[in-house]
Amino acid sequence: MDNIVTIRQLQKNFGSTNALNSINLTLEKGKVYGLLGPNASGKTTLLKILAGLISNYSGEILIDGLKPSTKTKSIVAYLPDRSDLHSWMTVRETIEYYQDFFEDFDVQKAKKTMEFMDLNDNDVVEKLSKGMKARLKLALTLARDAKLYLLDEPFDGIDIKTREKLIETIINSQRDESCMLISTHHVNYVEYLLEALVFLSKGHILLKKNVEQLKEENNKSIVEMYMEVFANA
Amino acid sequence: MLKLLKYELKSNKKLLILGAVMFFIFVMMRIALTGDIFGRANGFNLVISTVFFGGLPIIGLVIYFLYATYKIMWSEFSRHEGRVSFTTPISGFTFVSSKLLTVLVFAIIAFVIQLILVQNIMSPGITSNFFILSPTSFISQILEQVTGSFKHILIIFISALFTKTMAANVKLKKSLAFIIFITLHIVHDLFARVLLIFVDAVTNFPLFNWTFQAGPIQLQNLTEAGMYFGYLVDIILIVAMTFLSGILIDKKLNL
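What counts and what doesn't
Residues numbered from 1 in each chain as written. Chains lettered and ligands numbered in written order. Predicted model: local features only at pLDDT ≥ 70, side-chain atom pairs only at ≥ 80, totals over all residues. Heavy atoms only, no water. Helix = DSSP H or I, 4+ residues; strand = E, 2+ residues; numbered from the N terminus. Buried < 20%, exposed > 50% of the residue type's maximum accessible area, 1.4 Å probe, protein only. Contact = heavy atoms within 4.5 Å. Polar contact = N/O pair within 3.5 Å; in protein donor to acceptor, adjacent residues only side chain to side chain. Pairing = 2+ DSSP bridges. Axes fitted to C-alpha atoms, helices over the stretch in contact; angles between N-to-C directions. Parallel < 35°, antiparallel > 145°, perpendicular 65-115°, else oblique. Left-handed = near helix turned anticlockwise from the far one by under 90°. Nonpolar A, V, L, I, M, F, W, Y, C, P; charged D, E, K, R; others polar. Buried area = accessible area lost by both parts, 1.4 Å probe. Salt bridge = Lys/Arg side-chain N within 4 Å of Asp/Glu carboxyl O. Domains from an automatic or database assignment.

### Considering the environment of Arg-83 of chain B
And then number 1: Tracing the backbone shows Arg-83 of chain B in the loop between α3 (46-78) and α4 (92-122).
And then number 2: A relative accessible area of 10% means that Arg-83 of chain B is categorised as buried.
And then number 3: C-alpha separation for the pair Arg-83 of chain B and Leu-2 of chain B, spaced 81 residues apart in sequence, amounts to 19 Å.
And then number 4: Ignoring sequence-local partners within four residues, the contact set of Arg-83 of chain B consists of Leu-53 and Asp-84 of chain A together with Glu-76, Phe-77 and Leu-255 of chain B.
And then number 5: For Arg-83 of chain B, the side chain forms a polar contact with the main-chain oxygen of Glu-76 of chain B, separated by 3.3 Å.

The structure is reproduced here in structure tokens:
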């Protein structure tokens, strides 16, 4: 399979703190990856670097053969862990905003997803609850026909009903030519979504394997594997 | 860039409305005030009219412009909100340019209101005629104000931008930004002085014998040429600083 992301010797420090330490990683097209690890393991930093929000790092990154730049931003759809939308906009205006700046944005898909997620066009972003904001962000991100989706903690602060809707939307959005990297510490929510796992701890990759292979080798669920790997991390 | 400009203006629509309201109030006031109703020609109420129709509104106008500039230039950096802009395929140069164009709109609003206040309301002996600048003077004054303020805005912006880019992980990043700000200002002042000496030398250098042969009109033309050369250099500086800000955002962003 083709690689959509190639990372070699990626290093990122925040002052004296080592956020990412000599990371080597490849992500293939058509797969859903789980980026799992406890808090402060470097998950968000890695996603921010791939999304182009952090450009100050050492090492090499290629996204679809290109270094992270303005060009790669047009093929990467990023869902941040916090709301980064303009709070003064209405839901309709956020759709227009995405339509204006992302050529791969599918308005019809966005509207359909918003309807499915009970979002109203005239609601102002600022007035939306945390759950509704999460729905909106996900609907906007997944309405793009991107090559790489980066979802950072998509289930944080989300109730069960909303979570089920979000997972359904993610499943419906996965395509053969795109890759999805989901960062979360809610392992149990995403267990049946994932095809491959990347375990990250203190800036190091502890493990990267296909889910099927892992289950065959260890005869354990992802949650059990997670508990085992991070027990000593 | 136009799309970004559209969203910048939309996000600052409350401030735009405030500017329009101020403009409307002062124009209405000017229309209502004909003749020397404050007795300013005789020195009566000079202090009151200067304070209430000059000083205070101008201070208000300065605060309005500074707040609008801060909000436009720094909103995406001061909060998480609006950071979606940095995930869009827009270059840093386009991002900063659209911000500066939005500031330009506010600079024009502030300048026009200031013109109404100073030239039409504060001055003694208000006639029934509005004082309106000729298009050349208007453009020249706008250029002067905009180039002057934009250089300082960009010096402050670049210094602050270091805290979100190259110096994002440095402990004393704010102190470092302040040192960069002071250094850039010193460099700018030195550059401006050298430029002034250069323009002065060119217009007065005996070898060229311009001032000998030139009559008063030609001399005025030379002074004007020097002034426009100064604007041109300022514009080049502004474009260069916009590029530098763009490069910092594209290559060294650290949010």
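### Some remarks on helix α3 (residues 91-101) of chain A
And then number 1: Among all positions of α3 of chain A, only Val-91, Glu-93, Thr-94, Ile-95, Tyr-97, Tyr-98 and Phe-101 of chain A are buried.
And then number 2: Along its buried surface, α3 of chain A packs onto α4 (107-116) and α5 (130-142) of chain A together with α1 (2-11) of chain B.

### As for the sheet that holds strand β7 (residues 179-184) of chain A
Residues and elements named next belong to chain A.
And then number 1: The six strands are arranged β5-β6-β7-β3-β8-β9 in an open sheet whose pairing can be described as mixed. Every other strand in the sheet has two partners, leaving β5 (76-79) and β9 (204-210) as the edge strands with one partner each. Along the sheet, successive strands turn relative to each other by an average axial angle of 15°, direction set aside.
And then number 2: Note that strand β3 (residues 32-36) and strand β8 (residues 196-201) share four bridges and pair parallel. Within the sheet, the bridge partner assigned to Leu-35 lies in β8 and is Val-198.
And then number 3: With respect to the sheet, helix α8 (residues 211-218) is in contact with β8 and β9, its orientation differing from that of β9 by roughly 90°.

### Things to note about the packing of α4 of chain A against α5 of chain A
All names here are of chain A.
And then number 1: It is the contact of α4 with α5, at a shortest axis distance of 8 Å, that shows an interaxial angle of 155°. In terms of their interaxial angle, α4 and α5 are classed as roughly antiparallel. Once α4 is placed against α5, the crossing between them reads as right-handed. Touching Lys-109, Thr-113 and Met-114 of α4 are Leu-136, Ala-139, Leu-140 and Leu-142, all from α5.
And then number 2: Of the residues in the contact of α4 with α5, the class split is five nonpolar, one polar and one charged.

### Some thoughts on the interface of chain B and chain A
The parts lose accessible area when they come together, and the size of an interface is often stated as this lost area.
And then number 1: The interface of chain B with chain A comprises 29 residues on the first partner and 29 residues on the second.
And then number 2: A combined buried area of about 2700 Å² lies between chain B and chain A, and 54% of that area is made up of carbon and sulfur atoms.
And then number 3: It is Tyr-7, Val-84 and Thr-87 of chain B that lose the most area in chain B upon contact with chain A, and together they represent 24% of the buried surface on that side.
And then number 4: Applying the counting criterion to the chain B and chain A interface returns two salt bridges.
And then number 5: We note a salt bridge from Glu-93 of chain A to Lys-10 of chain B, for which the minimum N-O separation is 3.6 Å.
And then number 6: There are 14 residue pairs in polar contact (both at pLDDT 80 or more) connecting chain B and chain A.

### Re the domain arrangement of chain B
Residues and elements named next belong to chain B.
And then number 1: When the domains of chain B are assigned, the result is domain 1 (1-124) and domain 2 (133-255).
And then number 2: Each side of the interface is counted separately: domain 1 has 22 residues, and domain 2 has 23 residues.
And then number 3: Together domain 1 and domain 2 conceal approximately 2000 Å² of surface at their shared face, both sides included; 86% is due to carbon and sulfur atoms.
And then number 4: Three residues stand out in domain 1 for area buried against domain 2, namely Phe-77, Phe-93 and Phe-111, and they jointly supply 29% of the buried area on that side.
And then number 5: Across the domain 1-domain 2 interface, the total number found is zero salt bridges.

### Some points on the sheet that holds strand β4 (residues 58-63) of chain A
Residues and elements named next belong to chain A.
And then number 1: Reading across the sheet, the three strands line up as β2-β1-β4 and stay open at both edges, with antiparallel pairing between neighbours. Pairing within the sheet leaves two strands with one partner each, and these edge strands are β2 (17-28) and β4. Across this sheet, the average inter-strand angle for adjacent strands is 15°, counted without regard to direction.
And then number 2: Here strand β1 (residues 3-14) runs beside β4; their pairing, made up of five bridges, is antiparallel. Note that in β4 the partner of Val-5 across the bridge is Ile-63.
And then number 3: Packing of helix α1 (residues 43-51) onto the sheet brings it into contact with β1, β2 and β4, and relative to β1 it is tilted by some 120°.

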